[in-house]
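If you want the building blocks of each chain, they are given just below.
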Amino acid sequence: MKQHIQSVLQQLEQKTQKRSLKNVSFCNGSWIVMNGRKLLNLASNDYLGLASDERLIEAGCQAMCTYGAGATASRLIVGNYELYAKAEAALKNWKKKEAALIFNSGYTANLGIIAALIGRDDIVFSDWLNHASIIDGIRLSGAERYRYYHNDLDHLESLLKQASPHKRKLIVTDSIFSMDGDMAQLEGLVTLKKRYNAILMVDEAHSSGLYGERGEGLVHHLHLQDQVDIQMGTFSKALGSFGAYVVGEQWLVDYLINTMRSFIFTTALPPAVLGTIEKAIEIVQNEQAKRQTLQAHSCYFRDELQKLGFNVGKSTTHIVPIIIGSNEQTVQMSERLQEYGIAAVAIRPPTVPEGTSRIRFSLTAALAKEEIDWALERIARAGKEMGLIA
Ligand SMILES: *Cc1c(COP(=O)(O)O)cnc(C)c1O
């Protein structure tokens with residue numbers, strides 16, 4: 001066993017795919033200290049800068065002082081503190097949906113929701129670039145599965161057409177794709193789910209807090225909240241906290257409480273986290289100015305990278321990759337950016353398809369325009385030195 005594992009690790013090393021943890025000692029707003037070096041943080045999912053917001057921190061401290069450090073049991077036993085009811089009420093109100101349920105993380109939410117909803121007799125259709133947590137949920141469900149080419153509605157329709165009309169069908173997609181920064185074709189997906197009598201689940205991990213008048217997400221932004229059956233999202237990105245949610249009709253939540261194993265068999269969230277969740281839901285609805293700042297930053301940053309000659313793929317959001325191709329060059333680029341004071345991750349297979357390794361930048365509203373210019377100048381320098389751009 002040990003020998004086998006060591007040889008697997010060696011192979012990863014040879015392919016420049018071996019990962020290691022970096023030590024973060026300080027993180028505030030747009031800067032981070034990682035492995036002892038101060039870096040401009042272009043790798044964070046804290047899109048609105050709420051993770052360091054005093055109001056969230058204060059709410060978390062208060063909840064911990066009142067209810068203690070840990071939840072002591074799962075929600076169905078004795079861990080369902082009244083903080084849950086308050087946060088779920090706020091969530092329903094924000095999303096204008098009948099029912100809401102909070103989970104421990106986006107990963108376990110997707111795993112559990114999908115595995116609870118569908119089984120061996122059902123069929124699932126999943127975008128090629130969906131998040132790993134969706135893919136794992138599908139695997140766990142044992143359902144018949146089809147991956148449609150990324151954002152290719154014609155391909156999806158051809159698969160739906162071939163499927164038995166008598167089987168239950170689920171279509172599942174990210175709203176914003178985490179490695180490419182492009183958006184799902186939600187209107188088209190709604191049309192298809194109606195035409196083929198499927199239900200539609202949308203993962204708003206990267207759009208919650210950022211789109212819609214009150215940050216409800218991309219589904220609301222497109223006025224599709226009554227057409228999408230299952231809206232899932234996280235508190236761990238733009239909401240600056242931790243945990244995840246689902247909103248939908250009452251049958252959905254009742255069913256999940258009774259059947260979702262990653263909900264039932266895990267300890268409830270710690271009170272401090274629930275305190276920050278409730279506060280984040282309240283705050284995020286009034287953060288229109290920060291949403292606009294993030295949009296402006298994203299457009300500017302993406303346009304400037306393109307002008308420099310980088311391939312930013314299909315990004316139209318605050319997630320902006322520069323697609324490089326080879327693992328070695330991507331890792332070298334990320335190391336060089338670190339030398340120049342920028343934290344940006346090298347994303348390699350299996351997270352993205354072979355031959356599309358990339359540097360993934362994510363922007364936040366906490367960045368100042370001057371900091372973005374500072375970064376662009378260094379990214380350009382690194383890109384030229386490495387021969388990625390002219
Ligand atoms: C980050 C992410 C998740 C996982 O959420 P966590 O709360 O970090 O576990 C799920 N889906 C998508 C699309 C994500 O980007």
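Just so we're clear, the structure is a prediction, and the values are computed from it rather than from any experiment. (Residues numbered from 1 in each chain as written. Predicted model: local features only at pLDDT ≥ 70, side-chain atom pairs only at ≥ 80, totals over all residues. Heavy atoms only, no water.)

**A short note on the sheet that holds strand E5 (residues 123-127)**
- Read from one edge to the other, the open sheet built from seven strands follows the order E4-E10-E9-E8-E7-E5-E6, with strand pairing classed as mixed. Looking at which strands have only one partner, the edges of the open sheet turn out to be strand E4 (99-103) and strand E6 (144-148). The sheet shows a mean angle of 20° between the axes of neighbouring strands, direction not considered.
- In this structure, strand E9 (residues 230-234) lies alongside strand E10 (residues 244-248), joined through four bridges in antiparallel fashion. Paired with glutamine 231 across the bridge in E10 is valine 247.
- Helix H10 (residues 250-259) rests against E4, E9 and E10 of the sheet, and its axis sits at about 35° to E4. (Pairing = 2+ DSSP bridges. Helix = DSSP H or I, 4+ residues; strand = E, 2+ residues; numbered from the N terminus. Axes fitted to C-alpha atoms, helices over the stretch in contact; angles between N-to-C directions. Contact = heavy atoms within 4.5 Å.)

**Quick word on the site of the ligand**
- The environment of the ligand is made up of 13 residues, and the closest members are Gly106, Tyr107, Asp203, His206 and Lys237.
- The separation between a nitrogen atom of the ligand and a polar side-chain atom of aspartate 203 is 2.6 Å.
- Within the side chain of lysine 237, one N or O atom sits 2.6 Å away from an oxygen atom of the ligand.
- Among the residues making up the shell around the ligand, the classes are represented as two nonpolar, eight polar and three charged. (Near = heavy atom within 4 Å. Polar contact = N/O pair within 3.5 Å; in protein donor to acceptor, adjacent residues only side chain to side chain. Nonpolar A, V, L, I, M, F, W, Y, C, P; charged D, E, K, R; others polar.)

**Observations regarding helix H4 (residues 82-95)**
- The first and last C-alpha atoms of H4 sit 20 Å apart over 14 residues, in line with the 20 Å expected at 1.5 Å per residue.
- For H4, the complete set of buried residues consists of Leu83, Tyr84, Ala87, Glu88, Leu91, Trp94 and Lys95. Within H4, the buried residues cover an arc of 125° as seen down the axis, which keeps them to one side. Exposed and oriented more than 90 degrees from the buried face of H4 are Glu82, Ala85 and Asn93. (Expected span 1.5 Å × (residues − 1). Buried < 20%, exposed > 50% of the residue type's maximum accessible area, 1.4 Å probe, protein only. Arc of directions from axis to C-beta.)

**Considerations on the side chain of lysine 237**
- Structurally, lysine 237 can be placed in the loop between E9 and E10.
- Excluding residues within four positions of it along the chain, lysine 237 makes contact with Asn45, Asp46, Tyr47, Ala205 and His206.

**Topic: the sheet that holds strand E1 (residues 24-28)**
- Pairing is mixed across the open sheet formed by four strands, whose spatial order is E1-E2-E3-E12. Two strands in the sheet have a free side with no partner beyond their single neighbour: E1 and strand E12 (342-343).
- Relative to the sheet, helix H14 (residues 327-339) contacts strand E2 (31-34), strand E3 (37-41) and E12, its axis offset from that of E3 by approximately 110°.

**Here's the deal with the layout of surface pockets**
- Approximately 1,000 Å³ is the volume found for the largest pocket.
- The wall of the largest pocket is formed by 34 residues, among which Ser20, Lys22, Val345, Ala346 and Arg348 lie closest to the centre.
- At the level of secondary structure, the elements contributing two or more residues to the lining of the largest pocket comprise E2, E3, H14 and strand E13 (345-347).
- Of the residues forming the lining of the largest pocket, the biggest block, five residues, is contributed by H14.
- The residue inventory of the lining of the largest pocket, partitioned by class, reads 12 nonpolar, 12 polar and 10 charged. (1 Å grid on protein atoms, 1.4 Å probe; cavity = no way out; pocket = protein on both sides within 12 Å on 5 of 7 lines; lining within 4 Å. Points joined across faces, edges and corners; volume = space filled by probe spheres on them.)

**Some words on the nonpolar core**
- Within the largest apolar cluster, 81 residues are counted, with the highest numbers of intra-cluster contacts made by Phe301, Leu305, Met333, Phe361 and Ile379.
- Counting residues per element, this core draws most heavily on helix H12 (residues 271-284), which supplies seven residues.
- When residues are assigned to domains, this core turns out to be shared by domain 1 (19-50 + 288-386) and domain 2 (71-269), each giving three or more.
- In this structure isoleucine 379 touches Phe301, Leu305, Phe310, Met333, Leu337, Ile342 and Phe361, once residues within four positions along its chain are discounted.
- Phe103, Val246, Leu252 and Phe263 belong to the second-largest nonpolar core, a separate cluster that totals 26 residues. (Core = buried A, V, L, I, M, F, W, Y, C linked by side-chain atoms within 4.5 Å. Domains from an automatic or database assignment.)

**Here we look at the pattern of salt bridges**
- Under the defined criterion, the tally for this structure stands at 17 salt bridges.
- With a shortest N-O distance of 3.2 Å, arginine 358 and aspartate 180 are connected by a salt bridge. Remark: aspartate 180 occurs in the loop between strand E7 (169-174) and helix H8 (186-195) and arginine 358 occurs in strand E14 (residues 357-362); sequence separation between them is 178 residues.
- Arginine 358 sits in the buried class, given a relative accessible area of 3%.
- The salt bridge involving glutamate 304 is made with lysine 307; its shortest N-O contact spans 3.0 Å. Pair noted here: glutamate 304 and lysine 307 are both in helix H13 (residues 288-308), with a separation of three residues, about one helical turn. (Salt bridge = Lys/Arg side-chain N within 4 Å of Asp/Glu carboxyl O.)

**Here we look at the UniProt feature "domain: Aminotransferase class I/classII large" (unreviewed entry) in the protein**
- Under the local residue numbering, the UniProt record ascribes the feature "domain: Aminotransferase class I/classII large" (unreviewed entry) to residues 38-379.
- Along residues 38-379 the backbone is 44% helical and 17% strand, and the end-to-end C-alpha distance reaches 16 Å. (UniProt positions renumbered as here; feature names shortened; annotations may be inferred.)

**Description of the pairing of E10**
- Most of E10 is tucked away: five of the five residues are buried.
- Here E4 pairs with E10 via five bridges, running antiparallel. Residue pairing in the sheet places alanine 100 in a bridge with valine 247 of E10.

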